[in-house]
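Okay, here's what each chain looks like letter by letter:
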Amino acid sequence: MTDSTKSSNAMWGGRFAAGPDAIMEAINASIGFDQRLYAQDIRGSRAHAAMLAAQGIITSKDAEAIGEGLLTVLSEIEGGSFAFSTALEDIHMNVEARLKEVIGEPAGRVHTARSRNDQVATDFRLWVRDQADAAIAGLGALVRALLAQAEAGADWVMPGFTHLQTAQPVTWGHHMMAYVEMFARDIGRFTDARARMNECPLGAAALAGTSFPIDRHATAAALGFDRPMANSLDAVSDRDFALEFLAAASICAMHLSRFAEELVIWSSAQFRFVALSDRFSTGSSIMPQKKNPDAAELIRAKIGRIMGANVALMMVMKGLPLAYSKDMQEDKEQVFDAADNLMLALAAMEGMVRDMSANRANLERAAASGFSTATDLADWLVRELGLPFREAHHVTGALVALAEKKGCDLPELTLEDMQSAHEGITQAVYSVLGVHNSVASRQSYGGTAPDQVRAQVARWKEALK
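Bear in mind the structure is a predicted one, so any value in this text is a computation, not a measurement. (Residues numbered from 1 in each chain as written. Predicted model: local features only at pLDDT ≥ 70, side-chain atom pairs only at ≥ 80, totals over all residues. Heavy atoms only, no water.)

Peer 1: What am I meant to see in the pattern of salt bridges here?
Peer 2: Pairing between side chains of opposite charge can happen when the charged atoms of each approach one another. Inspection of the entire model under this criterion finds 26 salt bridges. Glu151 is the partner of Lys461 in a salt bridge, and the nearest nitrogen-oxygen pair spans 3.2 Å. Taken together, the residues span a long stretch of sequence, with Lys461 in helix α19 (residues 450-463) and Glu151 in helix α7 (residues 116-152) at a distance of 310 residues. Its relative accessible area of 44% is what places Glu151 among the partly exposed residues. One salt bridge connects Arg454 with Asp451, and the closest N-O pair in it is separated by 3.8 Å. (Salt bridge = Lys/Arg side-chain N within 4 Å of Asp/Glu carboxyl O. Helix = DSSP H or I, 4+ residues; strand = E, 2+ residues; numbered from the N terminus. Buried < 20%, exposed > 50% of the residue type's maximum accessible area, 1.4 Å probe, protein only.)

Peer 1: I tried to follow the pairing of strand β2 (residues 165-171) on my own but got confused; where do I start?
Peer 2: The two faces of the sheet receive side chains in turn, since in a regular strand these alternate between them. Direction of pairing for strand β1 (residues 157-162) relative to β2: antiparallel, over a ladder of six bridges. When the bridges of β2 are listed, Phe161 appears paired with Thr166. Counting the residues that bridge the hairpin from β1 to β2 gives two residues, and of these His163 lies at a positive phi of roughly 55 degrees. (Pairing = 2+ DSSP bridges.)

Peer 1: Just to check I follow, could you spell out a nonpolar patch on the surface for this structure?
Peer 2: Together, Met307, Val311, Met314 and Met315 make up a nonpolar patch on the protein surface, roughly 360 Å² of accessible area in all. Residue placement: Met314 occurs in helix α12 (residues 294-317). For Met314, a relative accessible area of 41% corresponds to the partly exposed category. (Patch = residues over 30% accessible without salt bridge, like charges linked within 9 Å, V, L, I, M, F, W, Y side chains within 5 Å. Areas by Shrake-Rupley, 256 points an atom, 1.4 Å probe, with all protein chains shown as cover.)

Peer 1: Just checking my understanding: could you explain the environment of Leu233 for this structure?
Peer 2: Turning to its location among the elements, Leu233 is positioned in helix α10 (residues 232-237). Spatially, the C-alpha atom of Leu233 lies 6.4 Å from that of Ala208, the residues being 25 residues apart in sequence. Not counting residues within four places of it along the chain, the set of residues in contact with Leu233 comprises Leu207 and Ala323. (Contact = heavy atoms within 4.5 Å.)

Peer 1: In this structure, what is going on with the packing of aromatic side chains? I would like to understand it.
Peer 2: Working definition: an aromatic ring pair is given by the centre-to-centre distance plus the angle between the planes. Inspection of the entire model under this criterion finds 11 aromatic pairs. Geometrically, the ring pair formed by Phe190 and Phe245 is tilted, given 5.6 Å between the ring centres and 55 degrees between the ring planes. Of this pair, Phe190 sits in helix α8 (residues 172-197) while Phe245 sits in helix α11 (residues 240-266), placing them 55 residues apart in sequence. Here the aromatic residues Phe161, Trp172, Trp266, Phe271 and Phe273 are joined through ring pairs into a cluster of three or more. Above the ring of Phe225, the side-chain terminus of Arg129 is found at 4.7 Å from the ring centroid. Sitting above the plane of the Phe124 ring, Lys332 keeps its charged end 5.6 Å from the centroid. (Phe/Tyr/Trp six-rings, centres within 6.5 Å; stacked < 30°, edge-to-face > 60°. Lys NZ or Arg CZ within 6 Å of the ring centre and 35° of its normal.)

Peer 1: What am I meant to see in the side chain of Thr396 here?
Peer 2: The residue Thr396 is located in helix α16 (residues 389-406) in this model. At 2.8 Å, the side chain of Thr396 and the backbone oxygen of Ala392 are in polar contact. Contact partners of Thr396, with chain neighbours within four places excluded, come to Ala374, Leu377, Ala378 and Leu381. (Polar contact = N/O pair within 3.5 Å; in protein donor to acceptor, adjacent residues only side chain to side chain.)

Set out below in structure tokens:
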């Protein structure tokens, strides 16, 4: 070994003492993470082999051997007896090498008329499509849990906030339905992304297509795709389907994070709006009174990992010329991680929502504080006395200041107090100042009135059938 070789090995560190060959193997291999694509890889290879036989490119006997052999490999992987090899680089070569050991010479024909470029693009699309389906199902379960909460508390009053300051009374059901709408849009985004990604790259080969008389429509149909991709360069060189999945996942994680933040606040001793179940809370190692909303806090943190994956893949792809570059091997780990964390967050949030108990008395007590019916008073002045809204706003502000000075809320002011701000105010004003009267009056479509909440719950329950 020369001095320069010793220097190189020392620079690489102990793990790479074998020199540049070990480094190249380590940086080139993806089997450590892309083995997760085994089911999709085997499914794609079986469809490809069946098509090759149907087109007369390989014999039916070879195709049958390949199909059965691949099922054997699948059972070995699922049974935990399959030995993955870093030397074989990726899941495709690992499966093909084992297939050759199982069935012999016919295994060499499975790669006819395709490349690892279109193979991995197909596998990855199938995997991401499965994850989109899983996200849609997870969101559906969460929406149903929210609907149950909304229906149970359709007429429970609580404070509505802006700037985390008491604004106007709303109903518990209305607040839950706000998240139903958000998560339903997330379902729409995953559904749209799935529809766009549902084109098959298989048969694009390395980048230019193939001279073999393949039937790409047959393999697309066999794999559940709507159609084959129309351009072979595009088929192997873009990962926008994964980016769109990550974009939808990032928005969904942001919605989860916002709701998780509210649950952290609401379950605190200062609010006591909700009690989270023991299944989704932890204690303190030193403070016996603590019940920490750890599940909500961890959900709140997931947006960092998921959004980070979105940015990371965007950065990998942004400077790549067509068609395939080895950079694109870095397309999977962050997508795998983001999908795992999204599904975990959805499952945890669904569990928390199903288990949590809203404290109706505390919600109502808080709804009645902070002059939450001030807007109702201003609206009454406009509606009943004909005041311009700006003047009504000024009169109401004066009454809020008076109530604050007297240490009471607006409904506790006397009629004389009211008339000190405007002589036209009558006893009828008190009919709008209670929080229940306030929410009941918000009958505009999409408003917080209990009847509106129940109508929206019914609409969504029907839509989800």
